[in-house]
Amino acid sequence: GIELYVQQRFLETRATLKALTQFVDTLAGLPGRKALLYIGGGLSVRPGESFYLAWQNKFASLNPAVGASPFDGFRNDLTSSFDEMVHHANGNRVTFYTLGATEELAGVSADLGPSSTWTRDLENTEQMNLAESMRRLADGTGGLLSMNASDPGPLLERMREDFDSYYSLGFVPQGKKDGKNRKIEVAVRGRRDLLVRHRNGRRERPVGERMTDRSLAALLLDPGQNPLDVALDFTSEKKNAKGQIELEVLVKFPLARLVLLP
């Protein structure tokens, strides 16, 4: 029963991360920095760890017979998947602000009084696994975390302050855009009493990925910006020697948008 339950939670969490990745992809094609407010509380970095530990408390004598181990809870560790989500968001200039549903976290325990199986330590383990996912998404992308969904005001106010006042630091990276994550460290010179909140890394996306994201943003979010009134006409298509389709495209724009420079 525990195996089936843990596997279900594992798959649900993976599906949620996949949906978040796809949504970040649509935001990536929009210009500038983007912020995403995620409200939840059911994403665990190690789904089912506390339940495996509860089994150990209750049926430790049966471990040799069923092949159970105290390390079973680490078999479905999703820490690396959340880190990949952070790298993906940083590469697309998306910042996560996470608001935890504390009532869901506090409701893990059945509140049936002291129990030798489901202890306070196990409940704390479950809560920490649920909160860790929210912390990683926020801290890794330079956002903020709040585990008090019953009072979202403070987090929303901090978000507004972030949008009103922030520094945008830019540089031109050297080398090929290989899509790999590079760690970033930012400090204020001469001020050890200040801590800079920033992305923990950057990722230079390949040209093909950038073009795909821009197309998704245009199709799904409709930015509606075309300051040059450019229009495209596909005039013909044919197959080349490699069997690939080649399109002939006619780019049209008003002469009033054309500027001639000597």
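Keep in mind it's a predicted model, so treat the numbers as computed, not measured.

Let us look at the overall build of the chain. Looking only at helices and strands, the chain features eight helices and seven strands. Counting only carbon and sulfur atoms, one obtains 56% of the accessible surface of the chain, whose full area is about 17,200 Å².

Along the chain, the position of Gly-179 falls in the loop between α7 (153-164) and β4 (181-183). Taking the C-alpha atoms as reference points, Gly-179 and Glu-204, separated by 25 residues in sequence, lie 5.1 Å from one another. Non-local contacts of Gly-179, meaning those with residues more than four positions away in its chain, are made with Arg-203, Glu-204 and Pro-206.

Here the focus is the environment of Asp-151. Among the secondary structure elements, Asp-151 is positioned in the loop between β3 (145-146) and α7. Placed 52 residues apart in sequence, Asp-151 and Leu-99 show a C-alpha to C-alpha distance of 9.7 Å.

Attention now goes to helix α6 (residues 120-140). Spanning 21 residues, α6 covers 29 Å between terminal C-alpha atoms, matching the ideal 30 Å at 1.5 Å per step. Those residues of α6 that sit buried are Leu-122, Glu-123, Thr-125, Glu-126, Asn-129, Leu-130, Ser-133, Met-134, Leu-137, Ala-138 and Gly-140.

A few words now on the confidence of the model for the chain. In the predicted model, the chain carries a mean pLDDT of 80, and 85% of its residues have values of at least 70. When pLDDT is averaged over each helix and strand of the chain, the minimum, 48, is found for helix α5 (residues 102-106) and the maximum, 91, for strand β2 (residues 94-100).

Buried residues dominate β2, accounting for seven of its seven residues. Side chains Val-94, Phe-96, Thr-98 and Gly-100 of β2 all project onto a buried face; the interleaved residues Thr-95, Tyr-97 and Leu-99 project onto the opposite face, where all are buried too. Across seven bridges, the pairing between strand β1 (residues 34-40) and β2 is parallel. Residue pairing in the sheet places Leu-36 in a bridge with Phe-96 of β2. Where β2 lies against β3, two bridges are found, and the strand directions are parallel. If you follow Thr-98 over to β3, its bridge partner there is Leu-145.

Before going further, it helps to examine the side chain of Asn-129. Examined against the element boundaries, Asn-129 turns out to sit in helix α6. When neighbours within four sequence positions are excluded, Asn-129 is seen to be in contact with Leu-43, Ser-44, Val-45, Arg-46 and Glu-49.

What follows is about the pattern of salt bridges. Applying the stated criterion across every chain, the model contains 14 salt bridges. For Glu-132, the salt bridge goes to Arg-136, with nearest N and O atoms at 3.0 Å. Note that Glu-132 and Arg-136 are positioned in helix α6 at a spacing of four residues, about one turn of the helix. Under the relative-accessibility criterion, Arg-136 is labelled partly exposed at 23%. Via salt bridges that share partners, Asp-83, Glu-132, Arg-135, Arg-136 and Asp-139 belong to a single interconnected network.

This next bit is on the nonpolar core. Ranked by size, the top nonpolar core spans 18 residues in total, and within it Leu-20, Tyr-38, Phe-82, Met-85, Val-94, Phe-96 and Leu-137 carry the most contacts. Going through the elements one at a time, α1 (2-28), β1, α4 (79-91), β2 and α6 are the ones with two or more residues in this core. With five residues, α1 is the single largest residue contributor to this core. Ranked by size, the runner-up nonpolar core spans five residues in total, among them Tyr-97, Leu-144, Leu-155 and Met-159.

Turning our eyes to something else, we now look at a nonpolar patch on the surface. Taken together, the side chains of Leu-228, Val-230, Leu-232, Phe-234, Ile-245, Leu-247, Val-249, Val-251, Phe-253, Leu-255, Leu-258 and Leu-260 present a nonpolar region at the surface, about 1,200 Å² in accessible area. Where the nonpolar patch is concerned, the elements lending two or more residues are β6 (231-239) and β7 (245-252). Here the element with the most residues in the nonpolar patch is β7; it accounts for four residues. Tracing the backbone through its elements, the reader meets Val-251 in strand β7. A relative accessible area of 48% means that Val-251 is categorised as partly exposed.

Basis of the calculations
- Residues numbered from 1 in each chain as written.
- Predicted model: local features only at pLDDT ≥ 70, side-chain atom pairs only at ≥ 80, totals over all residues.
- Heavy atoms only, no water.
- Helix = DSSP H or I, 4+ residues; strand = E, 2+ residues; numbered from the N terminus.
- Areas by Shrake-Rupley, 256 points an atom, 1.4 Å probe, with all protein chains shown as cover.
- Contact = heavy atoms within 4.5 Å.
- Expected span 1.5 Å × (residues − 1).
- Buried < 20%, exposed > 50% of the residue type's maximum accessible area, 1.4 Å probe, protein only.
- pLDDT = per-residue confidence, 0-100.
- Pairing = 2+ DSSP bridges.
- Salt bridge = Lys/Arg side-chain N within 4 Å of Asp/Glu carboxyl O.
- Core = buried A, V, L, I, M, F, W, Y, C linked by side-chain atoms within 4.5 Å.
- Patch = residues over 30% accessible without salt bridge, like charges linked within 9 Å, V, L, I, M, F, W, Y side chains within 5 Å.

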